[in-house]
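Residue-level structure breakdown
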Amino acid sequence: MMERGKAESGPEAGSANIIVAGVAVYLQKGDITRQRVEAIVNAANTSLAGGGGVDGAIHRAGGPSIMEECNEIRKQRGGVATGEAVYTSAGRLPATYVFHTAGPVWHGGKNGEGRLLAECYRSCLQLAERLEVTSISFPAISTGVYDFPKQKAAEIALQTVQKWLNKHPGKLKEVRFVNFEEENHRLYLEVLQSLDI
Ligand code: APR
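Think of each chain on its own: its residues are numbered from 1, step by step along the sequence as written. Two thresholds apply to this predicted model, a pLDDT of at least 70 for residue-level local features and 80 or more for giving and counting side-chain atom pairs, whereas whole-chain, interface and lining totals are computed over all residues. Excluding hydrogens and water, the side-chain values take into account all heavy atoms of the structure.

A word on the overall build of the protein
Filter applied, for reference: Each helix is a run of DSSP H or I of at least 4 residues and each strand a run of E of at least 2, with the numbering of both proceeding from the N terminus. Values of the radius of gyration come from C-alpha atoms, whereas the globule rule sets the reference at 2.2 Å times the count of residues to the power 0.38. Accessibility here uses a 1.4 Å probe with only protein chains present; expressed as a share of the type maximum, an area under 20% marks a residue as buried, one over 50% as exposed, and anything in between as partly exposed. The Shrake-Rupley method, run with a 1.4 Å probe sphere, supplies the accessible areas, and residue values consider only the shown protein chains as cover. Asp and Glu count as negative and Lys and Arg as positive, but His and the ends of the chain are not part of the count. By convention, the point assigned to a charge is CZ for Arg, NZ for Lys, CD for Glu and CG for Asp.
The number of helices and strands found in the protein is five helices and eight strands. Along the protein, helices (α) and strands (β) appear in the sequence β-β-β-β-α-α-β-β-α-β-α-β-α when read from the amino end. Relative to its length of 197 residues, the protein is compact, with a C-alpha radius of gyration of 15 Å against a globular reference of 16 Å. The buried share among the 197 residues of the protein stands at 50%. Of the accessible surface of the protein, which amounts to about 9400 Å², a share of 47% is contributed by carbon and sulfur atoms. Separation between the mean location of the 22 positive side-chain charges and that of the 22 negative ones in the protein comes to 1 Å.

Right under this line is the structure:
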(Lines give C-alpha, C1' and ligand atoms only; values in the text may rest on other atoms or scores of the structure.)
Protein backbone atom coordinates (compact mmCIF):
# COMPACT_ATOMS: atom_id res chain seq x y z
CA MET A 1 0.00 0.00 0.00
CA MET A 2 2.37 2.69 -1.18
CA GLU A 3 2.04 5.80 -3.23
CA ARG A 4 4.82 7.99 -4.38
CA GLY A 5 4.59 11.65 -5.21
CA LYS A 6 5.84 15.12 -4.58
CA ALA A 7 5.08 16.66 -1.23
CA GLU A 8 2.02 18.77 -1.69
CA SER A 9 1.01 19.24 1.88
CA GLY A 10 4.36 18.24 3.37
CA PRO A 11 6.45 20.24 5.79
CA GLU A 12 8.88 21.50 3.18
CA ALA A 13 8.35 22.16 -0.53
CA GLY A 14 10.33 19.67 -2.60
CA SER A 15 10.59 17.04 0.13
CA ALA A 16 10.23 13.49 -1.01
CA ASN A 17 6.96 12.05 0.08
CA ILE A 18 5.66 8.54 0.04
CA ILE A 19 2.66 7.09 1.73
CA VAL A 20 3.26 3.77 3.49
CA ALA A 21 0.16 2.06 4.84
CA GLY A 22 -1.59 5.41 5.13
CA VAL A 23 1.36 7.10 6.89
CA ALA A 24 3.03 10.09 5.19
CA VAL A 25 6.81 9.66 5.08
CA TYR A 26 8.93 12.77 4.47
CA LEU A 27 12.64 13.13 3.82
CA GLN A 28 13.84 16.52 4.95
CA LYS A 29 17.03 18.47 5.32
CA GLY A 30 17.21 20.43 8.54
CA ASP A 31 17.71 20.64 12.27
CA ILE A 32 15.67 18.07 14.18
CA THR A 33 15.36 20.35 17.21
CA ARG A 34 13.10 22.65 15.20
CA GLN A 35 10.67 19.95 14.17
CA ARG A 36 7.02 20.50 15.00
CA VAL A 37 6.11 16.89 15.58
CA GLU A 38 4.99 15.07 18.69
CA ALA A 39 8.18 13.08 19.10
CA ILE A 40 11.74 13.69 17.97
CA VAL A 41 14.31 10.92 18.25
CA ASN A 42 17.67 11.50 19.88
CA ALA A 43 20.75 9.50 18.82
CA ALA A 44 21.87 9.11 22.43
CA ASN A 45 24.32 6.84 24.22
CA THR A 46 23.54 3.97 26.59
CA SER A 47 24.17 6.05 29.70
CA LEU A 48 21.95 8.92 28.50
CA ALA A 49 24.78 11.21 29.56
CA GLY A 50 24.52 13.66 26.67
CA GLY A 51 27.23 14.34 24.14
CA GLY A 52 27.82 16.08 20.83
CA GLY A 53 25.99 15.83 17.51
CA VAL A 54 22.24 15.60 17.59
CA ASP A 55 22.29 14.69 21.30
CA GLY A 56 24.12 17.91 22.18
CA ALA A 57 21.82 19.96 19.94
CA ILE A 58 18.68 18.52 21.59
CA HIS A 59 19.89 19.16 25.15
CA ARG A 60 21.12 22.66 24.28
CA ALA A 61 17.89 23.70 22.57
CA GLY A 62 15.54 21.85 24.93
CA GLY A 63 17.10 23.04 28.19
CA PRO A 64 18.11 21.26 31.41
CA SER A 65 14.82 19.50 32.15
CA ILE A 66 15.58 16.84 29.53
CA MET A 67 18.83 15.89 31.25
CA GLU A 68 17.09 15.89 34.64
CA GLU A 69 14.65 13.31 33.29
CA CYS A 70 17.50 11.33 31.73
CA ASN A 71 19.25 11.28 35.12
CA GLU A 72 16.08 9.91 36.67
CA ILE A 73 15.85 7.15 34.04
CA ARG A 74 19.51 6.31 34.65
CA LYS A 75 18.83 5.97 38.37
CA GLN A 76 15.77 3.82 37.81
CA ARG A 77 16.99 1.48 35.08
CA GLY A 78 20.62 2.26 34.43
CA GLY A 79 20.18 3.98 31.06
CA VAL A 80 19.13 2.43 27.78
CA ALA A 81 20.57 -0.63 26.05
CA THR A 82 21.77 -0.39 22.47
CA GLY A 83 18.71 -0.76 20.23
CA GLU A 84 16.23 0.22 22.95
CA ALA A 85 14.41 3.53 23.37
CA VAL A 86 13.15 5.50 26.36
CA TYR A 87 11.36 8.83 26.44
CA THR A 88 11.42 12.15 28.24
CA SER A 89 9.47 15.32 27.75
CA ALA A 90 10.98 17.82 25.33
CA GLY A 91 11.61 20.86 27.53
CA ARG A 92 11.61 24.04 25.44
CA LEU A 93 11.47 22.21 22.12
CA PRO A 94 8.32 22.37 19.98
CA ALA A 95 7.96 18.56 20.24
CA THR A 96 6.09 16.91 23.11
CA TYR A 97 8.51 14.01 23.62
CA VAL A 98 12.13 13.16 23.01
CA PHE A 99 12.71 9.46 22.36
CA HIS A 100 16.27 8.57 23.34
CA THR A 101 17.70 5.56 21.56
CA ALA A 102 21.27 4.30 21.64
CA GLY A 103 22.51 3.27 18.22
CA PRO A 104 25.31 0.75 17.68
CA VAL A 105 28.91 1.85 17.29
CA TRP A 106 30.21 0.61 13.92
CA HIS A 107 32.93 -2.02 14.40
CA GLY A 108 33.11 -3.34 10.85
CA GLY A 109 29.61 -4.76 10.52
CA LYS A 110 30.08 -8.28 11.91
CA ASN A 111 28.92 -7.48 15.41
CA GLY A 112 25.19 -7.20 14.84
CA GLU A 113 25.38 -3.50 14.02
CA GLY A 114 22.72 -3.69 11.29
CA ARG A 115 20.26 -5.62 13.45
CA LEU A 116 20.80 -3.23 16.36
CA LEU A 117 20.31 -0.16 14.18
CA ALA A 118 17.02 -1.60 12.88
CA GLU A 119 16.06 -2.31 16.49
CA CYS A 120 16.49 1.41 17.31
CA TYR A 121 13.91 2.38 14.68
CA ARG A 122 11.49 -0.36 15.76
CA SER A 123 11.84 0.55 19.45
CA CYS A 124 11.01 4.18 18.69
CA LEU A 125 7.99 3.21 16.61
CA GLN A 126 6.77 0.91 19.39
CA LEU A 127 7.13 3.77 21.85
CA ALA A 128 5.19 6.01 19.49
CA GLU A 129 2.44 3.42 19.33
CA ARG A 130 2.34 3.05 23.12
CA LEU A 131 2.16 6.83 23.68
CA GLU A 132 -0.33 7.29 20.84
CA VAL A 133 2.02 9.69 19.11
CA THR A 134 0.85 10.70 15.63
CA SER A 135 4.06 12.23 14.24
CA ILE A 136 7.74 11.41 14.71
CA SER A 137 11.05 12.68 13.32
CA PHE A 138 14.18 10.54 13.10
CA PRO A 139 17.79 11.67 12.66
CA ALA A 140 20.26 9.36 10.90
CA ILE A 141 21.06 7.32 14.01
CA SER A 142 24.70 6.13 14.39
CA THR A 143 25.96 7.93 11.27
CA GLY A 144 27.99 10.58 13.11
CA VAL A 145 30.27 9.81 16.04
CA TYR A 146 29.30 6.11 15.87
CA ASP A 147 30.58 5.88 12.29
CA PHE A 148 27.92 3.60 10.77
CA PRO A 149 28.25 3.71 6.95
CA LYS A 150 25.73 6.28 5.80
CA GLN A 151 24.26 4.46 2.82
CA LYS A 152 23.74 1.24 4.72
CA ALA A 153 22.20 3.19 7.60
CA ALA A 154 19.78 4.94 5.22
CA GLU A 155 18.73 1.58 3.74
CA ILE A 156 18.13 0.10 7.17
CA ALA A 157 16.21 3.17 8.37
CA LEU A 158 13.87 3.30 5.37
CA GLN A 159 13.31 -0.44 5.06
CA THR A 160 12.76 -0.98 8.78
CA VAL A 161 10.25 1.84 9.07
CA GLN A 162 8.43 0.74 5.93
CA LYS A 163 8.12 -2.84 7.19
CA TRP A 164 7.00 -1.75 10.61
CA LEU A 165 4.34 0.63 9.27
CA ASN A 166 2.94 -2.05 6.99
CA LYS A 167 2.63 -4.42 9.94
CA HIS A 168 1.26 -1.93 12.48
CA PRO A 169 -1.57 0.17 11.20
CA GLY A 170 -2.39 2.55 14.03
CA LYS A 171 -2.46 6.12 15.14
CA LEU A 172 0.78 7.22 13.51
CA LYS A 173 0.15 9.65 10.65
CA GLU A 174 3.54 11.09 9.82
CA VAL A 175 7.17 9.94 9.88
CA ARG A 176 9.99 12.30 8.94
CA PHE A 177 13.65 11.54 8.33
CA VAL A 178 15.51 14.74 9.11
CA ASN A 179 19.09 15.07 7.97
CA PHE A 180 21.31 17.90 9.01
CA GLU A 181 23.84 17.24 6.28
CA GLU A 182 23.09 17.67 2.61
CA GLU A 183 25.08 14.51 1.82
CA ASN A 184 22.95 12.34 4.07
CA HIS A 185 19.73 13.93 2.82
CA ARG A 186 20.71 13.14 -0.79
CA LEU A 187 21.58 9.59 0.19
CA TYR A 188 18.13 9.09 1.68
CA LEU A 189 16.54 10.37 -1.53
CA GLU A 190 18.69 8.02 -3.62
CA VAL A 191 18.05 5.06 -1.36
CA LEU A 192 14.32 5.72 -1.47
CA GLN A 193 14.45 5.57 -5.28
CA SER A 194 16.64 2.48 -5.41
CA LEU A 195 14.74 0.47 -2.82
CA ASP A 196 11.45 0.85 -4.61
CA ILE A 197 9.54 1.47 -1.43
N1 APR B 1 19.43 17.61 13.42
C2 APR B 1 19.45 16.51 12.64
N3 APR B 1 20.54 15.75 12.48
C4 APR B 1 21.68 16.11 13.14
C5 APR B 1 21.73 17.25 13.99
C6 APR B 1 20.54 18.01 14.11
N7 APR B 1 20.49 19.10 14.88
N8 APR B 1 22.99 17.33 14.49
C9 APR B 1 23.68 16.29 13.99
N10 APR B 1 22.90 15.56 13.17
C11 APR B 1 23.21 14.33 12.41
C12 APR B 1 24.68 14.08 12.10
O13 APR B 1 25.04 14.79 10.94
C14 APR B 1 24.68 12.57 11.88
O15 APR B 1 24.39 12.26 10.51
O16 APR B 1 22.84 13.22 13.20
C17 APR B 1 23.53 12.07 12.72
C18 APR B 1 23.95 11.23 13.91
O19 APR B 1 25.17 11.72 14.42
P20 APR B 1 25.53 11.80 15.97
O21 APR B 1 24.71 12.87 16.61
O22 APR B 1 27.00 11.87 16.08
O23 APR B 1 24.96 10.40 16.56
P24 APR B 1 25.60 8.92 16.57
O25 APR B 1 26.49 8.66 15.42
O26 APR B 1 24.43 8.01 16.79
O27 APR B 1 26.52 8.93 17.85
C28 APR B 1 25.93 8.96 19.11
O29 APR B 1 27.32 10.77 19.83
O30 APR B 1 26.94 12.81 20.72
C31 APR B 1 27.12 11.55 21.00
O32 APR B 1 25.84 11.27 23.02
C33 APR B 1 25.95 10.86 21.67
O34 APR B 1 27.47 9.26 22.43
C35 APR B 1 26.41 9.48 21.53
C36 APR B 1 26.96 9.45 20.12
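Considering the site of the ligand
The condition that has to hold: Whether a residue is near a molecule or strand depends on its heavy atoms: it is near if one of them lies within 4 Å of it. What qualifies as a polar contact is a pair of N or O atoms within 3.5 Å, subject to a donor-acceptor requirement within protein and to the restriction that residues adjacent in sequence count only when both atoms come from side chains. Lining residues are those with an atom within 4 Å of a point, where the points come from a 1 Å grid over the protein atoms alone and group into cavities, where a 1.4 Å probe fits but cannot get out, or pockets, open sets with protein on both sides within 12 Å along at least five of seven lines. To decide whether a molecule occupies a pocket or cavity, check its atoms: if more than half lie within 2 Å of the grid points, it is inside. Each residue is assigned to one class: nonpolar for Ala, Val, Leu, Ile, Met, Phe, Trp, Tyr, Cys and Pro, charged for Asp, Glu, Lys and Arg, and polar for all the others, Gly among them.
The ligand sits among 23 residues. The nearest are Gly-52, Val-54, Asp-55, Thr-143 and Glu-181. A distance of 2.9 Å is found between an oxygen atom of the ligand and a backbone nitrogen or oxygen belonging to Val-145. Here an oxygen atom of the ligand and a side-chain polar atom of Asn-184 are 3.3 Å apart. Protein coverage of the free-state accessible area of the ligand, which is 700 Å², stands at 92%. Placement of the ligand is best described as lying within the largest pocket. Broken down by secondary-structure element, the contributors of at least two residues to the shell around the ligand are strand S4 (39-44) and helix H1 (53-62). It is H1 that provides the largest number of residues to the shell around the ligand, a total of four residues. Taken together, the residues that form the shell around the ligand break down as ten nonpolar, ten polar and three charged.

Here's the deal with the side chain of Arg-176
Among the structural elements, Arg-176 can be located in strand S8 (residues 174-179). At 2.6 Å, the side chain of Arg-176 and the side chain of Glu-174 are in polar contact.

A look at the packing of H1 against helix H2 (residues 64-77)
We count it as follows: Whenever a helix is involved, its axis is fitted only over the stretch in contact; in every case the axis is a line through C-alpha atoms, and angles between N-to-C directions fall within 0 to 180 degrees. Contact definition: two residues touch when any of their heavy atoms are within 4.5 Å.
It is at 6 Å that the axes of H1 and H2 come closest, and there the two elements cross at 115 degrees. Between H1 and H2, the residues in contact are Ile-58, His-59 and Gly-62 and Pro-64, Ser-65, Ile-66, Met-67 and Cys-70, respectively. Counted by class, the contact of H1 with H2 contains five nonpolar, three polar and no charged residues.

Points about the layout of surface pockets
It is the rolling of a water-molecule-sized probe over the atoms that shows where space remains empty. To keep it simple, the criterion reads: Grid points are joined across faces, edges and corners, and a volume is the space filled by probe spheres set on the points.
Each pocket or cavity is described by its volume, and for the largest pocket that value is around 580 Å³. As for the largest pocket, its lining consists of 27 residues, of which Ala-43, Gly-53, Val-54, Asp-55 and Gly-144 are closest to the centre. Counting only elements with at least two residues in the lining of the largest pocket, the list comes to S4, H1 and S8. Take the lining of the largest pocket: its biggest share by element is four residues, from H1. Looking at the lining of the largest pocket residue by residue, the class counts come to twelve nonpolar, eleven polar and four charged.

Thoughts on the packing of aromatic side chains
The following threshold applies: Whether two aromatic rings pair depends on their centres lying within 6.5 Å, for rings of Phe, Tyr and Trp, where Trp uses its six-membered ring; planes under 30 degrees apart make the pair stacked, over 60 edge-to-face, and the rest tilted.
Using the criterion set out here, one finds six aromatic pairs in the structure. Consider the rings of Phe-138 and Phe-177, whose centres lie 5.8 Å apart with planes at 20 degrees: the pair is stacked. With Phe-138 in strand S7 (residues 135-138) and Phe-177 in strand S8, this pair connects stretches of sequence that are 39 residues apart. Geometrically, the ring pair formed by Phe-177 and Tyr-188 is tilted, given 5.6 Å between the ring centres and 40 degrees between the ring planes.

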